[in-house]
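The lines below spell out each chain.
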Amino acid sequence: MTTVPPTTTPPSRTPRQLAVTALRLLAVTAVYLAAGRIGLLQQVVIGGAKVTPLWPPTGIALTCLLLFGLRVWPGVALGAFLVIVVTGPPRWGSLGIVTGNTLAPVAAYLMLRRTGFRIELDRLRDGMALVFLGAFAGMLISSGTGSAVLVLNGTLPADGFWSTWTAWWTGDAMGVLVVAPLLLALRTARLPADRGPFTWLEPVLLLASTAAVTVVATSTTLSVLFLVFPFLIWAALRFQLLGAAPCVLLVSVITITAAIDQVGPFTGHGLVAAMVMLQALNGCAALTGLLLSAIVAEQRNTYRRIEQATVELARVVQRLAPGKVDTDRWLPPEDGDR
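Residues numbered from 1 in each chain as written. Predicted model: local features only at pLDDT ≥ 70, side-chain atom pairs only at ≥ 80, totals over all residues. Heavy atoms only, no water.

## Focus: the packing of helix α9 (residues 229-261) against helix α10 (residues 271-320)
1) Next: Their axes nearest at 9 Å, the elements α9 and α10 cross at an angle of 170 degrees. For the element pair α9 / α10, the angle class is roughly antiparallel. (Axes fitted to C-alpha atoms, helices over the stretch in contact; angles between N-to-C directions. Helix = DSSP H or I, 4+ residues; strand = E, 2+ residues; numbered from the N terminus. Parallel < 35°, antiparallel > 145°, perpendicular 65-115°, else oblique.)

In structure tokens form, the structure reads like this:
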């Protein structure tokens, strides 16, 4: 005789859990809307449509999905709709844009989860996954959907589709590459045990130097923007993602302002050419900071695992041959002794 197992119904959520979920969705919506308002401050018209060189909400949305799961997608969708509302009365095509802006980070999240992505970004494979799956592949959905909607509702001429799509895609991708690593790094930030004045000297000097060099490089017509890369490398080697991500954000914001105003190295170039130069610089800066930080973090983790394995091996040998092995010499050195 075949027995049928009894069906079990999932436990219902308590009012406290429902309140926490609702507050989390509202927080995601509010942060998305605030980031959208900031992103709208720097708009350019390409191909007849307004686009932003850096769209922070994509990084916000992907980070929220990575931290809280798919349950927060309604907050992303509501935030995307409210961003459209604050720019003017919504039209029938607004639903398509909201759908694309919601599906893009959701698809990016699913692809990252499929590859075993770790939010610590302490492996090179995680950095590569965020670049190629989270930013480049995932944001094809939002840019393609948004540009197609603008063409269909008559806002954008058909011959302006590809230029608008390119600018939209790069802006959304840069939002992921610049904002998401910064938020994920801040999540794991801890105050140092030694809180003396000299503890903060190097990071403050690093941020100030990065900002100063970027301002100088964008104030002259000479092509010296490459001078920012030594500071990004310094940040990645010394502080990994927690140091590199803020520096990348500084470089991006300052260069975007210069490119929109078409000053410094962007003088004499058309808007499209300036945007190409801008996104090439910002993309290289983001990749340098992100991937180099991941490589350094992965090497340090490997070194720690080797240290642990060495200590365990020494203890095994000590048990097999007591008194013949000095395990203290195998103990890992203190951070200040390295």
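## Focus: helix α8 (residues 201-217)
In an α-helix, one turn spans 3.6 residues; hence positions three or four apart end up facing the same way.
1) Next: Compared with an ideal rise of 1.5 Å per residue, which puts 17 residues at 24 Å, α8 spans 24 Å between its outermost C-alpha atoms and is within 8% of the ideal.
2) Next: For α8, every residue scored as buried is listed here: Leu-206, Ser-209, Thr-210, Val-213, Thr-214 and Ala-217. Taken around the axis of α8, the buried residues stretch over an arc of 125 degrees, which confines them to a single face. Along α8, the residues that are exposed and aim more than 90 degrees away from the buried face are Leu-201, Val-204 and Val-216. (Expected span 1.5 Å × (residues − 1). Buried < 20%, exposed > 50% of the residue type's maximum accessible area, 1.4 Å probe, protein only. Arc of directions from axis to C-beta.)

## A short note on the packing of aromatic side chains
1) Next: Following the criterion strictly, the structure yields 6 aromatic pairs and no others.
2) Next: Plain terms: the ring middles of Phe-136 and Trp-169 are 5.7 Å apart, the flat faces sit at 50 degrees to each other, and that makes the pair tilted. Of this pair, Phe-136 sits in helix α5 (residues 124-137) while Trp-169 sits in helix α7 (residues 161-187); the two residues are 33 residues apart in sequence, bridging distant segments of the chain.
3) Next: Consider the rings of Phe-161 and Trp-162, whose centres lie 5.0 Å apart with planes at 85 degrees: the pair is edge-to-face.
4) Next: Since its relative accessible area comes to 19%, Phe-161 is described here as buried.
5) Next: Of note, Arg-238 hangs over the ring of Phe-239, and the distance from its end group to the ring centre comes to 5.2 Å. (Phe/Tyr/Trp six-rings, centres within 6.5 Å; stacked < 30°, edge-to-face > 60°. Lys NZ or Arg CZ within 6 Å of the ring centre and 35° of its normal.)

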